[in-house]
Amino acid sequence: MISQFFILSSKGDLLIYKDFRGDSGGRDVAELFYRKLTGLPDESPVVMVTTGGRGHHDDRHFIHIRHSGLYLVATTSENISPFSLLELLSRLATLLGDYCGSLGEATISRNVALVYELLDEVLDYGYVQTTSTEVLRNFIQTEAVVSKPFSLFDLSSVGLFGAETQQSKVAPSSAASRPVLSSRSDQSQKNEVFLDVVERLSVLIASNGSLLKVDVQGEIRLKSFLPSGSEMRIGLTEEFCVGKSELRGYGPGIRVDEVSFHSSVYLDEFESHRILRLQPPQGELTVMRYQLSDDLPSPLPFRLFPSVQWDRGSGRLQVYLKLRCDLPPKSQALNVRLHLPLPRGVVSLSQELSSPEQKAELGEGALRWDLPRVQGGSQLSGLFQMDVPGLPGPPGQGPSASAPLGLGPASLSFELPRHTCSGLQVRFLRLAFRPCGNANPHKWVRHLSHSDAYVIRI
Amino acid sequence: MPYLGSEDVVKELKKALCNPHIQADRLRYRSVIQRVIRMSKLDQWGQAEVLNFLLRYQPRSEEELFDILNLLDSFLKSSSPGVVMGATKLFLILAKKFPHVQTDVLMQVKGPLLAACSSESRELCFAALCHVRQILHSLPGHFSSHYKKFFCSYSEPHYIKLQKVEVLCELVNDENVQQVLEELRGYCTDVSADFAQAAILAIGGIARTYTDQCMQILTELLGLRQEHITTVVVQTFRDLAWLCPQCTEAVCQALPGCEENIQDSEGKQALIWLLGVHGKRIPNAPYVLEDFIENVKSETFPAVKMELLTAVLRLFFSRPAECQDMLGRLLHYCIEEEKDMAVRDRGLFYYRLLLAGISEAKQILCSPKSDPSLRLLEDQAERPVNSWALDFNTLVPVYGKARWATLSKCQGVEHHGPELPNTAAFPTSGPLIPEENKERVQELPDSGALMLIPNHQLTAECFEKTWLSLKVAHQQVFPWQGAVHPDTLQMALQVVNIQTIAMSRAGTQPWKAYLSAQDDTGCLFLTELLLEPANLQMQISVKQSEARTETLKSFISVLETVIGTIGDIKS
C-alpha cells in the first residue's frame, strides 16, 4: 500500500505527483526527498530514506528506483515488502514505457495526462488494481503524444529496448520505441514483434589465467505490437538442457542451471520439442529467465595476456597487454573498453597500439583503452609506459616482473551482437494467428551478449 | 472506478479475508482460506497480498499447518521475487516450531535470492543482499559455497559494493577464505577511499578468525604509504591487538614507519594507543611519541592529546629512562599552556597521580585489561530464525536492525497519544489467537508461577551496571563436588532460559560465573556462582531488580535443580 507516487527528473524537477491516500504532507515531500538524496555522500543513492526532520510527514519511507534518468518514487508509512514495491515500481516503468513509447523526461512531460490516467487505473487508494496491459487498455482513452514520426530506418535513436548497454547501436530499428497502444486507427499497419535474447556475462579470471567464476544471466524478452490474443510459438535450440543431469541430443548440448518462465507461458511442448507457447499481451514481457554458472560450452570471448615490468628504482612502469578475441571469425565485439586501475601518482603515459582506430588515455587513476570493433579470432596489443614517481618501494633495485600494488584488476566491457554465450538460439518464432489480412507481421529476433563484469586479475 | 484486479471470486475472497465478522467466525474464515489457497488465477500483486493476509491465520493443528504448507509450496517457485519472499515469510512464521522445515524453506529460496542478488535492477539487488545478510546471521554457512556471487564488479554502485563486502565477511569459512581474502585485497586499492576502507575493515573482521593470512595482507597494505589506507589499517591493528593478543607481535613489527602517513584524528589515536600499550616491544616507540610531543602545539584534535598523555605515561612505566624528560615536557605543556579544559584536567590528574606514588600510578594505568580468568562469552552470533522471521520481507533488513530501532523509537513517541485508541478499535489488526491459546495465556499469570522469558539478552556492560547497583537479595550454598564443566552448565542453564553472561575457564580457582534471567513481568534476576577450591560447595548470590519473595523463591529452586542435576552427573 503506497501513499504517494511521484516522478522526478534527474535534476530534481517534479514531473508527476500523485497522492493516493491524502494522509501526507503534500508536494513538498518530493522536494524533501530530492534534498535527502543529493545530501547522501554517494552519487548513487541507497534504496530508502526516511525523512529525519520533525514535521507532519515524519515517518514516511521513500522507496525509489532509477530508470532511464528518472526517479520513480513511492512513499509509504507502513512496513511493507520491499520486493513487491520495487517490482511494482519497475512494472510501472515498463507500463509507462509501453504507453508513452519510451521512458524519459521529454516523453513523460509531453504525456502528463496519459500518465495520470494510467496511475488512476493501476492504483486505487494506494492498492494495486492491475498492471496488465490487456485489462488496462479498455480504460485508457488518452492517446500518447509522440514527438516525431517513427521511421523504420532511423537508426540514430534509441535501439534495443531490452538491455541497458552503453550504446545500443546494434538494434535493427527504432520501431521498438513507439507506444504500444497509442494509435487505434493504424493498428493494422504495424504488426511487429521483437524478440530479444539478452545475456549478461560476469567473469573473473585469476592472474595465472585460470577461470575463477563464470556467470551468465540470460533473458528472453518480447515486445509485441500484435493485437492481443494472438498465439505465438517460440522454438528454442533443441539441445537445450536444464539442470546438470539432463542430456539431450548429441554433442555438447546447451546447458543452463535454472530457468523460470513468465506465468503466461504454456509449457506443454517444452519438454518434447523445446517450444514455448504463449499468448502475449501487447507490450513488453520477459518470457524466460535463465542462469548458468561455472560451465560455459563455448570458450570465453576474450583472453588477456598482460605482462608487467616495473623498475622500482626509476619508478618506470611498463605494461604490455595482449588481447585475444576467441569468438568465431564471423562474429565481432563492439565498443570494447578495457579499464585498468593504476597505482596512485602515475604522471605520464606513452603508448604503442596495434591499430589506429584504438585509443588509450589516463583518467581517474586508471588507464582506459578503447577498441571500437574487435573481429573474432583477432589479436590486439598495446604497450603502455608510465612514470610512477610517488611509489617508493622497498629498496630492491632493477626491473622486476612483479606488479606494484594498486595495479589492476583489469575489467573489460563489450557487446557481442548476434552471439549468446550459452549458445541458446531462437530457432523460430511462429504466429499461429494471422491478423486480418493485409500484412505479414514483421518479426525481429535478436541475440546479444554484453558484459556485466569481466574482470581479469593481474 | 471498477475493480480491475483479477476475477470476481478473488475479489470476493479478498473482501472476506478483510472482514472482521468473518475473521471472528473461525469456521467461515477457515473455509475462505481453504478456497484462497486453492486458487491459482491471481495475478502476482494479488498473490503477494493474500500471502500477507494468511500471516494472521494460526492453524489449529499440525495437520492443517502442513496442509497449508503443501498447498502453498508452488508460490515458492513463482517468477516474481515479491511473491517468493512473501511465501517464504509465511512459511517461516507458520513453521516456527519446526526448525528443519524452516531450514528447508531457506534452502529453497536460495536460488531466487541469489538470482535477485545478480539482477539487473540495482535496487532489487540491494534489497536481496540485505536479506541474505539477515539469513546469514542465523545460518552462517548458508551461502558459503556461492561466495563468488558476492564478488563486486567495477561498475556497481557503492551501496551494493558495501553490502557485498559485508556479506563476504560473514560467509567466510575454511574452504573459501583464501579466495575471499584475495578478492577483498583487490578492493583495498580501489579508487574510492570509502570502499577501500570498508574492505580493509572487512579484512580486519575476518582476521579475528584467520589471523595469519589477514595480518600478512594488512602489513602489505602499509607498504603503499597512502594516508587513507594506513589510517584504517592501524585502526584495525588496534582492535586486533585488543581482541586477539596472539597477533600483538606481528602488529608491533609492522608499526614502525606508519606515523609518516597518518594525518587524521582516528588514525593518530590508534597509533598512539598502540605505542603506549605495546611500546615495550617497539624499539623506536619513544622517539615517535617524542615527535608527537614536539608538534603538540599545532595539534588540532583534543582527543589525540588525551591519548598522547595516557600513552606517554604508560610508556614511562615500562621505559622510564627514555621517557622521563618528554613526559615532563608534555605535562608542563598540558597544564600551563593548553586551552582545552578536558586535556588540561587530564594532565593535572596524571600529575597528581604521579605525585601520589609511582607504583600506585602504574598499578592503576597498566594493570591487566580485565580479570583474565573471566572471559566474555562469544557474542551469540547464531540467532534463531524465529528472532527475525517477522521482519523478513519488510523494510527492517533493508534499513538494518539498529537503524530501524531508532526510527521506530522516534515514531513511537510521537504516535502513542492519538493512535492507541485506534488500534483498540480494530481488533483485526493483531494476529488471531485461537481460543484455546488465549485461555492458556491468561491462565499463566494467575497461577503466580515463575515464567522466565526465552531469548532474554543482556549485554555485559548492562549486567555490570545493574549488578553493582543492586543489593544481594539471597545467598545460599549448594553442595558441589569436583571440577566444573562450563559448557555443560551453560547448556543446562540455557534450557531453563537463564543466560550466561561470563564464566571462568574450566579448572580456574576460584571459579566464577555470572548469570542473568528475566521473567515475564520484566523482573531481572542476576546471579553470581562462586566455587572456592577448598570447601566442596558452590556459593550463589542472587540479586533481583524488583523485590518479590515468591518469584525469588521459585527462581532459586530452578537454579538449585539445575546445579543439583549437573552436580549429580559429575559425581
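Residues numbered from 1 in each chain as written. Chains lettered and ligands numbered in written order. Predicted model: local features only at pLDDT ≥ 70, side-chain atom pairs only at ≥ 80, totals over all residues. Heavy atoms only, no water.

Enquirer: Would you mind going over the overall build of chain B with me for this structure?
Expert: Check the secondary structure of chain B and you find 27 helices and six strands. Long-range pairs, those at least 24 residues apart, make up 64% of the contacts in chain B with a sequence separation of at least 6. Surface summary for chain B: the accessible area is close to 28200 Å², and the carbon and sulfur share equals 54%. (Helix = DSSP H or I, 4+ residues; strand = E, 2+ residues; numbered from the N terminus. Contact = heavy atoms within 4.5 Å. Areas by Shrake-Rupley, 256 points an atom, 1.4 Å probe, with all protein chains shown as cover.)

Enquirer: Looking at this structure, I do not really get the overall build of chain A. What am I missing?
Expert: Across its full length, chain A carries six helices and 27 strands. With 458 residues in all, chain A has 55% of them scored as buried. Across chain A, contacts joining residues at least 24 apart in sequence account for 69% of those joining residues at least 6 apart. On chain A, roughly 19200 Å² of surface is accessible, and the fraction owed to carbon and sulfur atoms is 50%. (Buried < 20%, exposed > 50% of the residue type's maximum accessible area, 1.4 Å probe, protein only.)

Enquirer: Sorry, what's going on with the environment of glutamine 475 of chain B here?
Expert: Residue and element names in this part refer to chain B. By the element assignment, glutamine 475 lies in strand 2 (residues 472-479). A relative accessible area of 49% places glutamine 475 in the partly exposed class. Put simply, glutamine 475 and glutamine 539 are 64 residues apart on the chain and 7.3 Å apart in space, counted from C-alpha to C-alpha.

Enquirer: In this structure, what is going on with the packing of aromatic side chains? I would like to understand it.
Expert: Aromatic ring pairs are described here by two measures, namely the spacing of the ring centres and the angle between the planes. Scanning the model with the defined rule gives 26 aromatic pairs over all chains in all. Seen in terms of ring centroids, tryptophan 388 of chain B and phenylalanine 392 of chain B are 5.7 Å apart; in terms of plane orientation they differ by 40°. Their pairing is tilted. For the residue pair tryptophan 388 of chain B and phenylalanine 392 of chain B, the accessibility class agrees, reading buried in each case. Seen in terms of ring centroids, phenylalanine 463 of chain B and tyrosine 514 of chain B are 5.8 Å apart; in terms of plane orientation they differ by 65°. Their pairing is edge-to-face. Of the two residues, phenylalanine 463 of chain B sits in helix 25 (residues 460-469) while tyrosine 514 of chain B sits in strand 4 (residues 511-518), which places them 51 residues apart along the sequence. In this structure, phenylalanine 463 of chain B and tyrosine 514 of chain B share a single accessibility class: buried. A connected cluster of aromatic rings, assembled from ring pairs, spans Phe6, Tyr17, Phe33, Phe62 and Tyr71 of chain A. Here the guanidinium or amino end of arginine 430 of chain A rests over the ring plane of phenylalanine 428 of chain A, the centre of that ring lying 3.9 Å away. Over the aromatic face of phenylalanine 195 of chain B sits the side chain of lysine 161 of chain B, whose NZ or CZ is 5.0 Å from the ring centroid. (Phe/Tyr/Trp six-rings, centres within 6.5 Å; stacked < 30°, edge-to-face > 60°. Lys NZ or Arg CZ within 6 Å of the ring centre and 35° of its normal.)

Enquirer: What am I meant to see in the interface of chain A and chain B here?
Expert: Interface size is commonly expressed as the accessible area that is lost once the parts come together. If you look at the interface, chain A gives 60 residues, while chain B gives 56 residues. Taking both sides of the interface into account, the surface hidden between chain A and chain B amounts to around 5300 Å²; carbon and sulfur atoms contribute 56%. Viewed at the interface, chain B and chain A are joined by four salt bridges. With its nearest N and O atoms 3.3 Å apart, the salt bridge here joins lysine 149 of chain B to aspartate 215 of chain A. Ranked by residue count, the leading element in the side of chain A that touches chain B is helix 2 (residues 82-100) of chain A, at seven residues. Within the side of chain A that touches chain B, the residues separate by chemical class into 24 nonpolar, 16 polar and 20 charged. (Buried area = accessible area lost by both parts, 1.4 Å probe. Salt bridge = Lys/Arg side-chain N within 4 Å of Asp/Glu carboxyl O. Nonpolar A, V, L, I, M, F, W, Y, C, P; charged D, E, K, R; others polar.)

Enquirer: I tried to follow the packing of helix 10 (residues 177-188) of chain B against helix 12 (residues 211-222) of chain B on my own but got confused; where do I start?
Expert: In helix packing, the relevant descriptors are the interaxial angle and the interaxial distance, both defined with respect to the helix axes. All names here are of chain B. Contact geometry for helix 10 and helix 12: axes closest at 11 Å, N-to-C directions at 15°. With respect to helix 12, the axis of helix 10 lies roughly parallel. Viewed along their axes, helix 10 and helix 12 form a crossing whose handedness is right-handed. Mapping the contact onto sequence places Val177, Gln178, Leu181, Arg185 and Cys188 in helix 10 and Gln213, Cys214, Ile217, Glu220 and Leu221 in helix 12. By residue class, the composition of the contact of helix 10 with helix 12 is six nonpolar, two polar and two charged. (Axes fitted to C-alpha atoms, helices over the stretch in contact; angles between N-to-C directions. Parallel < 35°, antiparallel > 145°, perpendicular 65-115°, else oblique. Left-handed = near helix turned anticlockwise from the far one by under 90°.)

Enquirer: How should helix 11 (residues 193-206) of chain B be read in this particular structure?
Expert: Note: α-helices contain 3.6 residues per turn, so residues at a spacing of three or four share the same orientation. Residues and elements named next belong to chain B. The terminal C-alpha atoms of helix 11, which comprises 14 residues, lie 20 Å apart, in line with the 20 Å expected from a rise of 1.5 Å per residue. All of the buried residues in helix 11 are Phe195, Ala196, Ala199, Ile200, Ala202, Ile203, Gly204 and Ile206. Along its buried surface, helix 11 packs onto helix 9 (158-170), helix 10, helix 12 and helix 13 (227-243). (Expected span 1.5 Å × (residues − 1).)

Enquirer: Sorry, what's going on with the nonpolar core here?
Expert: Inside soluble globular proteins, nonpolar side chains tend to come together where they are buried. Residues Phe150 and Phe237 of chain B are the most contacted members of the largest nonpolar core, which totals 184 residues. When residues in this core are grouped by element, the largest group, 11 residues, is from helix 2 of chain A. Those residues in contact with phenylalanine 150 of chain B that sit more than four places away from it in its chain are Leu114, Cys117, Leu129, Val132, Phe143, Lys164, Val167, Leu168 and Leu171 of chain B. (Core = buried A, V, L, I, M, F, W, Y, C linked by side-chain atoms within 4.5 Å.)

Enquirer: Would you take a moment to explain empty space enclosed by the protein for this structure?
Expert: If you roll a probe as big as a water molecule over the atoms, it shows you where there is empty space left. In this structure the tally under the stated criterion is four cavities of 30 Å³ or more. Every residue lining the largest cavity is counted, 18 residues in all, and those nearest its centre are Ser202 and Asp452 of chain A together with Ser118, Glu156 and Lys164 of chain B. For the lining of the largest cavity, the elements supplying multiple residues, two or more each, are strand 8 (192-205), strand 9 (211-224) and strand 27 (442-456) of chain A together with helix 8 (122-138) of chain B. (1 Å grid on protein atoms, 1.4 Å probe; cavity = no way out; pocket = protein on both sides within 12 Å on 5 of 7 lines; lining within 4 Å. Points joined across faces, edges and corners; volume = space filled by probe spheres on them.)

Enquirer: So what exactly am I meant to see when it comes to the pattern of salt bridges here?
Expert: One side chain can pair with another of opposite charge once the charged atoms of both are near each other. Counted according to the given criterion, the structure contains 33 salt bridges over all chains. For the salt bridge of arginine 368 of chain A with glutamate 361 of chain A, the shortest nitrogen-to-oxygen distance reads 2.5 Å. The exposure class assigned to arginine 368 of chain A is partly exposed, which follows from its relative accessible area of 29%. In this structure glutamate 361 of chain A comes out as partly exposed when scored by relative accessible area, which is 36%. The salt bridge partner of aspartate 239 of chain B is arginine 238 of chain B, with a shortest N-O separation of 3.5 Å. Members of the salt-bridge network, linked through shared partners, are Glu219, Arg221, Glu284 and Arg289 of chain A.

Enquirer: Got a minute to help me understand the pairing of strand 18 (residues 316-325) of chain A in this structure?
Expert: Regular strands place their side chains on alternate faces of the sheet. Residue and element names in this part refer to chain A. What you see with strand 18 is a clean split: Leu317, Val319, Leu321, Leu323 and Cys325 sit on the buried side and Arg316, Gln318, Tyr320, Lys322 and Arg324 on the side with no burial. As paired elements, strand 17 (residues 302-311) and strand 18 share 10 bridges and run antiparallel to each other. Pairing of serine 307 across the sheet is with tyrosine 320, part of strand 18. The turn joining strand 17 and strand 18, which pair antiparallel and follow one another in sequence, is formed by four residues; a positive phi near 75° is taken by glycine 315. (Pairing = 2+ DSSP bridges.)

Enquirer: Help me out: how do you make sense of the sheet that holds strand 8 of chain A in this one?
Expert: Adjacent strands of a sheet pair through backbone hydrogen bonds, lying either parallel or antiparallel. All names here are of chain A. In space, the nine strands of this open sheet follow the order 13-16-9-8-27-25-19-22-21, with mixed pairing throughout. If you trace the sheet from one side to the other, it starts and ends with strand 13 (258-261) and strand 21 (359-363), each paired once. Within the sheet, the average angular offset between the axes of one strand and its neighbour, ignoring direction, is 15°. Pairing analysis gives four bridges linking strand 19 (residues 332-341) to strand 25 (residues 410-417), with the strands arranged antiparallel. Directly across from arginine 337, in strand 25, lies its bridge partner serine 413.

Enquirer: Quick question: what am I supposed to make of the sheet that holds strand 15 (residues 275-278) of chain A here?
Expert: Residues and elements named next belong to chain A. In spatial order, the strands read 14-15-10-26; together these four strands make up an open sheet with antiparallel pairing. Sheet topology places strand 14 (265-266) and strand 26 (426-431) at the edges, where each strand pairs with a single neighbour. In this structure, strand 10 (residues 232-236) lies alongside strand 26, joined through five bridges in antiparallel fashion. Each residue of the ladder has a partner; that of glycine 235, found in strand 26, is phenylalanine 428.

Enquirer: Just checking my understanding: could you explain the confidence of the model for chain A for this structure?
Expert: If pLDDT is low for a region, its predicted coordinates should not be looked at in detail. The predicted model of chain A has a mean per-residue pLDDT of 78, with 79% of residues at 70 or higher. Contacts for the low-pLDDT stretch residues 149-174 of chain A, under 50 throughout, to residues beyond four places or in other chains number 58 contacts. (pLDDT = per-residue confidence, 0-100.)

Enquirer: Could you clarify how one ought to interpret helix 17 (residues 302-318) of chain B in this entry?
Expert: All names here are of chain B. The end-to-end C-alpha distance of helix 17, which contains 17 residues, comes to 25 Å, matching closely the 24 Å that a straight helix rising 1.5 Å per residue would cover. Judged by how many residues are buried, helix 17 sits mostly within the fold: 12 of 17 residues are covered. Buried residues of helix 17: Val304, Lys305, Glu307, Leu308, Leu309, Thr310, Ala311, Val312, Leu313, Leu315, Phe316 and Phe317, and no others. In this fold, the buried residues of helix 17 make contact with helix 15 (265-277), helix 16 (285-294), helix 18 (320-336), helix 19 (341-356) and helix 20 (358-366).

Enquirer: Help me out: how do you make sense of unusual backbone geometry in this one?
Expert: Most of the time, phi is negative for any residue but glycine, and the peptide bond is trans. Residues and elements named next belong to chain A. Phi is positive for serine 68, close to 35°, though the residue is something other than glycine. By relative accessible area, which is 41% here, serine 68 ends up partly exposed. A positive phi angle, close to 50°, is found at asparagine 335, a residue other than glycine. Tracing the backbone shows asparagine 335 in strand 19.

Enquirer: Explain the packing of helix 4 (residues 44-54) of chain B against helix 6 (residues 81-94) of chain B here, please?
Expert: All names here are of chain B. Relative orientation of the contacting elements helix 4 and helix 6 amounts to 15°, with a least axis distance of 9 Å. Judged by the inter-axis angle, helix 4 sits roughly parallel to helix 6. In the packing of helix 4 onto helix 6, the handedness of the crossing is left-handed. Of the residues in helix 6, those in contact with Gln44, Gln47, Ala48, Leu51 and Leu54 of helix 4 are Val83, Gly86, Ala87 and Leu90. Among the residues forming the contact of helix 4 with helix 6, the class breakdown is six nonpolar, three polar and no charged.

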